[in-house]
Amino acid sequence: MKSGTASSPPFVPDVFNRRDRLEIKTPAQIEAMRRAGLVVASVLDLVVAQIAPGITTAELDQIAAAGIRAAGALPSFLGYHGFPACICVSVNDEVVHGIPGARTIEAGDLVSVDCGAIVAGWHGDAAVTVAVAATEADQALLLATEEALWAGLAVTQIGAKVSDIGAAVEASVRAAGPYGIVEEFVGHGIGTAMHLPPDVPNFGAPGRGPRLVAGLALAIEPMVTAGQRWVQVLEDEWTAVTADGSKAAHFEHTVAITEEGPWVLTAHDGGAARFAALSVPSPAARRA
Ligand code: MG
Ligand code: MG
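### Description of the pattern of salt bridges
Argument step 1. With the rule as written, the count across this model stands at seven salt bridges.
Argument step 2. Among the ionic pairs, Arg103 bridges to Glu94, the shortest N-O distance being 3.2 Å.
Argument step 3. The class for Glu94 is buried, based on a relative accessible area of 14%.
Argument step 4. Several salt bridges share partner residues, and in doing so they unite Glu183, Glu184 and Arg229 into one network.

And the structure:
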């Protein structure tokens, strides 16, 4: 069989490097995404400030809804595959995708809030977990998860491969303790939609997947448990809980890859402080 004509290039298997599937943004488009990112950062601040014993998760959602609309943004979660709220609130053994409702926050709870907003068609997506009257073990889990997120963000550099991020996240978690890393849910590309290629797992070997290029934006979001990594989805078809009932934490940021390094669009300072501490070059210090 002939391999092609002079006008058709030879077929090259390119399973792990399909650049054409990736949405590459211009610098101006990344600036537009920054506006969505800052809305998400501010709304998460608003919600987190109200997390205390006695408040319901539905009330936290109302705070988020008001904050998103006051900023002139749209809530990307509301109606997404039928999701009925503007944020996900996942408590204790709930890992992600908890639906706000009548549940009342209590002392000792670990509360994850995940928020997405759209500004002028561009998406931001971030999550944070906070402890209400935290135990030492809770604090250690939060620290391990947030540090793993920043370990992943730090390697989000031009020339790196997508799986370098998961490898960095996993190495950070493993160094922190005997935690579980959830594999069923992963980070993702982001831009004109909340979920774009590529998938960004939180585990695995480095050196695989698409090569990172300037203008690519990713949501990196480690989900770490105090026990085993296994999760199951409740009958509401959204809420993912740990199979062993252990508590879980979830931290997420949207990051853009730029010529000057990673720019964390959903961090108020763009990542400046964290990257300075990690000695990672970033445009954040200049732009913060
Ligand atoms: Mg999210
Ligand atoms: Mg996400």
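Having put the structure on the table, let's press on.
### Topic: unusual backbone geometry
Most peptide bonds adopt trans geometry, and most residues besides glycine take a negative phi value.
Argument step 1. Of note, the amide linkage connecting Pro197 to Pro198 takes the cis form, showing an omega dihedral of 0°.
Argument step 2. Relative to the helices and strands, Pro198 is located in strand E8 (residues 196–200).
Argument step 3. You will see that Asn92, though not glycine, has its phi angle at about 60°, which is positive.
Argument step 4. When you line up the elements, Asn92 lands in the loop between strand E2 (87–91) and strand E3 (94–96).
Argument step 5. Taking relative accessible area as the criterion, Asn92 reaches 14% and is therefore assigned buried.
Argument step 6. Even without being a glycine, Ala133 presents a positive backbone phi close to 55°.
Argument step 7. Among the secondary structure elements, Ala133 is positioned in the loop between strand E5 (122–131) and helix H3 (136–154).

### Observations concerning the coordination of the magnesium ion (ligand 1)
Argument step 1. Those donors, Asp114 (OD), Asp114 (OD), Asp125 (OD) and Glu252 (OE), are the protein atoms that reach the magnesium ion (ligand 1), and they lie 2.0 to 2.6 Å from it.
Argument step 2. Between the magnesium ion (ligand 1) and the magnesium ion (ligand 2) the interatomic distance comes to 3.2 Å, and Asp125 is a ligand of both metals. Taken together, the residues Asp125 in strand E5 and Glu252 in the loop between strand E13 (248–250) and strand E14 (253–258) connect sequence positions 127 residues apart.

### Concerning helix H4 (residues 162–176)
Argument step 1. Helix length check: H4 (15 residues) gives 22 Å between terminal C-alpha atoms against 21 Å at 1.5 Å per residue, within 8%.
Argument step 2. What H4 keeps buried is the set Val162, Ser163, Asp164, Ile165, Gly166, Ala167, Ala168, Val169, Ser172 and Val173.
Argument step 3. Along its buried surface, H4 packs onto H3, strand E6 (180–181), E8, strand E9 (217–220) and strand E10 (223–225).
Argument step 4. Gly177 lies just past H4 and shows a positive phi near 160°.

### Section: the coordination of the magnesium ion (ligand 2)
Each pair of donors in an ideal four-coordinate tetrahedral metal site encloses 109.5 degrees, whereas pairs in an ideal six-coordinate octahedral site enclose 90 or 180 degrees.
Argument step 1. At this site the magnesium ion (ligand 2) is bound by Asp125 (OD), His188 (NE2), Glu221 (OE) and Glu252 (OE), with donor distances of 2.1 to 2.3 Å.
Argument step 2. Sequence spacing of the donors to the magnesium ion (ligand 2): D-x62-H-x32-E-x30-E.

### Some remarks on the nonpolar core
Argument step 1. With 59 residues, the main nonpolar core has Ile51, Ile87, Val111, Leu153, Leu212, Leu218 and Ile220 as its most contacted residues.
Argument step 2. What Val111 contacts, discounting residues up to four positions off in sequence, is Ile51, Val89, Ser90, Ile105, Val128, Thr129, Val130 and Val132.
Argument step 3. One finds Ala32, Ile190, Leu265 and Ala272 within the second-largest nonpolar core, a separate group that totals 11 residues.

Reading guide: rules and limits
- Residues numbered from 1 in each chain as written.
- Chains lettered and ligands numbered in written order.
- Predicted model: local features only at pLDDT ≥ 70, side-chain atom pairs only at ≥ 80, totals over all residues.
- Heavy atoms only, no water.
- Salt bridge = Lys/Arg side-chain N within 4 Å of Asp/Glu carboxyl O.
- Buried < 20%, exposed > 50% of the residue type's maximum accessible area, 1.4 Å probe, protein only.
- Helix = DSSP H or I, 4+ residues; strand = E, 2+ residues; numbered from the N terminus.
- Donors = N, O, S within 2.8 Å, 3.2 Å for Na, K, Ca; no water.
- Expected span 1.5 Å × (residues − 1).
- Contact = heavy atoms within 4.5 Å.
- Core = buried A, V, L, I, M, F, W, Y, C linked by side-chain atoms within 4.5 Å.

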